[in-house]
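Below are the chains, spelled out letter by letter.
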Amino acid sequence: MKLNQYTKVILGLIVLFITQASCSKILNLNPTDQIDEKDIFKSVESLERAVLGVYANWNLEYSLRIASVMSDECRLGLNNAGVSAAGQNLFRWNYSSEDNEIVEPWKNGYQVIDRVNRLLAGISHVPSNKEADKEKLDLLQGELLAIRAYQHFDLYRIYAASGTYNGQALAVPYVKKSNTNSQPSRPNTESFFSDFWHDMKEAETLLAGKDALANSRMGLLATYALHARAALYTLNYPEAEHYATAVIQKIPLASGQTFEKIWKDESNTELIFKLKRTNVSEIRPGDLFYNIGAERILFAPSLQLMSLYDEADDVRFNSYFEEDPNLADEGELTERIIKYQGSDSAPNRTDVKVFRTSEMYLIRAEAALQKNDQNSAENDINTLRRARIENYNNETFDNEEEVKAAIETERYKELAFEGHRYFDLKRWGKAINRSNLDVEPRYMFLSTNDKAYLIPIPQGEVLANPNIRPNNPGW
């Protein structure tokens with residue numbers, strides 16, 4: 001299909017890296033429209049290796065960058081310039097629809113979807129004479145459908161023509177078959193989510209009652225977490241609350257030193273789903289904020305964000321940020337984002353935390369408040385804060401507006417740099433407001449009516465596929 005010069009890249013792929021545990025294997029994909037069944041579909045085991053290969057090249061860092069750099073989470077590094085510069089135009093809201101930061105999420109997203117669709121198309125040809133093989137195939141099919149649903153939802157968050165939920169606004173193509181010659185149009189949001197929920201229902205049915213997958217794969221609980229997130233975005237508050245609760249009951253919050261270990265990849269506590277990163281990964285989350293080769297800070301944390309934490313008692317402060325006065329001698333800002341710092345032997349390398357239990361508490365709190373259940377919303381806010389802030393005393397709120405403000409602030413603090421902030425502001429219909437401590441005046445405020453507020457479909461796609469038009473307002 002002509003999602004276009006981007007999906008055509010798949011036809012030229014000769015190898016797909018398969019990452020499983022500590023081993024790397026190579027799966028040869030023939031450069032045709034159809035995967036050779038003898039290579040992949042000869043057994044359940046070979047199919048599973050191909051499924052694992054999908055994760056190896058799934059780069060959610062691209063959407064994470066948009067969520068952080070577009071919003072009020074960052075400051076531009078003082079040395080983020082020249083040939084080592086990255087994300088400047090995105091940060092300054094003067095990007096074009098041809099910039100890499102705009103193109104890469106689209107390109108990688110539909111590549112992932114195409115790989116999934118190729119595997120789903122051939123899954124019925126895999127021999128399954130044993131009952132165990134049939135169950136495993138159901139599990140793999142459910143996993144693939146969940147990946148397809150997640151990636152489409154992420155593309156919707158980035159490229160939809162409306163920030164707030166609007167069933168008639170243009171979404172993005174929901175692609176269920178691999179066809180590099182098709183030229184899909186943009187469905188409206190209602191039609192898009194009809195396909196999304198169909199995939200979700202089938203995935204949840206296939207995954208239910210099966211052996212649990214590792215949290216580095218899209219298993220049942222990860223699918224429930226996606227259900228809760230998407231239900232919140234689509235204003236289905238009862239389902240958001242229900243599925244968030246289903247996850248919370250299975251995976252508890254981290255607290256204290258355990259929380260700090262999450263960001264060093266020393267603990268899996270409260271991790272529902274993560275994307276593993278290795279030293280050969282194409283991109284690592286820390287690369288978004290620090291250029292290792294040039295030894296330059298690309299983006300520092302905003303002072304506006306940092307000011308919201310209790311530095312002494314909130315475990316998040318020292319887990320997310322580092323203050324080093326010596327950086328001034330190097331011509332750098334003295335604050336750093338260390339959430340994805342990695343280790344001395346693997347700088348910038350940490351796993352991408354896609355779903356955490358804390359997000360489920362925040363989803364449930366927001367959904368409860370929308371249902372006029374202020375007490376439940378308060379309880380979830382206070383539960384999360386107790387897990388993060390030493391000697392925290394529960395707060396009592398006077399009205400729903402105070403609770404709403406607390407939820408929004410807590411999402412800003414808890415989920416910083418994890419791929420949420422810009423998308424949260426969009427779905428709430430809020431402008432982007434940065435502090436004058438972080439930027440010069442012309443980069444402080446972005447109205448919801450400004451052309452740059454909505455990310456456009458990449459120009460290459462628009463030129464190659466006339467059916468994808470119109471682009472987003474102003475583009």
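Below is a summary of the structure that appears in this document. All residue numbers here refer to positions counted from 1 along the written sequence of the relevant chain. Predicted model: local features are reported for residues with pLDDT of at least 70 only, side-chain atom pairs are reported and counted for 80 or more only, and whole-chain, interface and lining totals are derived from all residues. Computation of side-chain values covers all heavy atoms of the structure but excludes hydrogens and water.

### A short note on the packing of aromatic side chains
For any pair of aromatic rings, the description rests on two quantities: the centre-to-centre distance and the angle between the ring planes. Let me state the cut-off plainly: Here is the rule: rings of Phe, Tyr and Trp (six-membered ring for Trp) pair when centre to centre is within 6.5 Å. Planes less than 30 degrees apart are stacked, more than 60 are edge-to-face, and the remainder are tilted. Relative accessibility decides the category of a residue: with a 1.4 Å probe and only protein chains considered, values under 20% of the type maximum give buried, values over 50% give exposed, and everything between is partly exposed. We count a stretch as a helix when DSSP gives it H or I for four or more residues in a row; a strand needs E for two or more, and each element gets its number in order from the N terminus. We call a charge positioned above a ring when the Lys NZ or Arg CZ atom is no farther than 6 Å from the ring centre and deviates by at most 35 degrees from the ring normal.
Enumeration over the complete set of coordinates arrives at 35 aromatic pairs. Taken together, a centroid distance of 6.0 Å and an interplanar angle of 45° make the contact between Tyr 55 and Trp 58 tilted. For the pair formed by Tyr 55 and Trp 58, the shared burial category is buried. Geometrically, the ring pair formed by Tyr 55 and Phe 273 is edge-to-face, given 6.3 Å between the ring centres and 65° between the ring planes. On the criterion of sequence distance, the pair formed by Tyr 55 in helix 3 (residues 44-56) and Phe 273 in strand 4 (residues 271-275) is long-range, its members being 218 residues apart. Residue class for Tyr 55 comes out buried when judged on its relative accessible area of 7%. Since its relative accessible area comes to 0%, Phe 273 is described here as buried. One aromatic cluster in this structure is built from Phe 153, Tyr 156, Tyr 165, Tyr 174, Phe 192, Phe 193, Phe 196, Trp 197 and Tyr 233. Between the NZ or CZ atom of Arg 336 and the centre of the ring of Tyr 290, over which it lies, the distance is 4.7 Å. Residue placement shows Arg 427 over the ring face of Tyr 233; its charged tip is 5.1 Å from the ring centre.

### Section: the pairing of strand 4
Here is the rule: If DSSP finds at least two bridges between two strands, the strands pair.
When you tally the buried positions in strand 4, you get 5 out of 5 residues, the bulk of the element. Strand direction decides the pairing type here: strand 4 and strand 10 (residues 352-356), joined by 4 bridges, are antiparallel. Across the sheet, Leu 271 pairs through a bridge with Arg 356, a residue of strand 10.

### Quick word on unusual backbone geometry
Of note, the amide linkage connecting Arg 469 to Pro 470 takes the cis form, showing an omega dihedral of 5°. Residue placement: Pro 470 occurs in the segment after helix 18 (459-464). Of note, the phi angle at Glu 295 is positive, near 55°, even though the residue is not glycine. With respect to the helices and strands, the residue Glu 295 is situated in the loop between strand 5 (290-291) and strand 6 (296-297). In this structure Glu 295 comes out as exposed when scored by relative accessible area, which is 59%. One non-glycine residue with positive phi stands out, namely Phe 417, at about 65°. Within the secondary structure, Phe 417 is located in the loop between helix 16 (400-414) and helix 17 (421-427).

### What to know about the packing of helix 7 (residues 131-159) against helix 8 (residues 189-207)
Defined as follows: Think of each axis as a best-fit line through the C-alpha atoms, taken over the contacting stretch in the case of a helix, with angles from 0 to 180 degrees between the N-to-C directions. Note on angle classes: values under 35 degrees are labelled roughly parallel, values over 145 roughly antiparallel, values of 65 to 115 roughly perpendicular, and the remainder oblique. By convention the crossing between two helices is left-handed if the near helix lies anticlockwise of the far one by an angle smaller than a right angle, and right-handed if it lies clockwise. Here, two residues are considered to be in contact whenever any of their heavy atoms come within 4.5 Å of each other. Residue classes follow a fixed rule: Ala, Val, Leu, Ile, Met, Phe, Trp, Tyr, Cys and Pro count as nonpolar, while Asp, Glu, Lys and Arg count as charged, and any other residue, Gly among them, counts as polar.
Relative to each other, helix 7 and helix 8 sit at 155°, their axes nearing to 8 Å. Between helix 7 and helix 8, the angle falls in the class roughly antiparallel. The handedness of the crossing between helix 7 and helix 8 is left-handed. Taken together, the residues of helix 8 that come into contact with helix 7 (itself represented by Asp 138, Leu 139, Gln 141, Gly 142, Glu 143, Leu 145, Ala 146, Arg 148, Ala 149, His 152, Phe 153 and Tyr 156) are Thr 189, Phe 192, Phe 193, Phe 196, Asp 199, Met 200, Glu 202, Ala 203, Leu 206 and Leu 207. Considering only residue class, the contact of helix 7 with helix 8 consists of 13 nonpolar, 4 polar and 5 charged.

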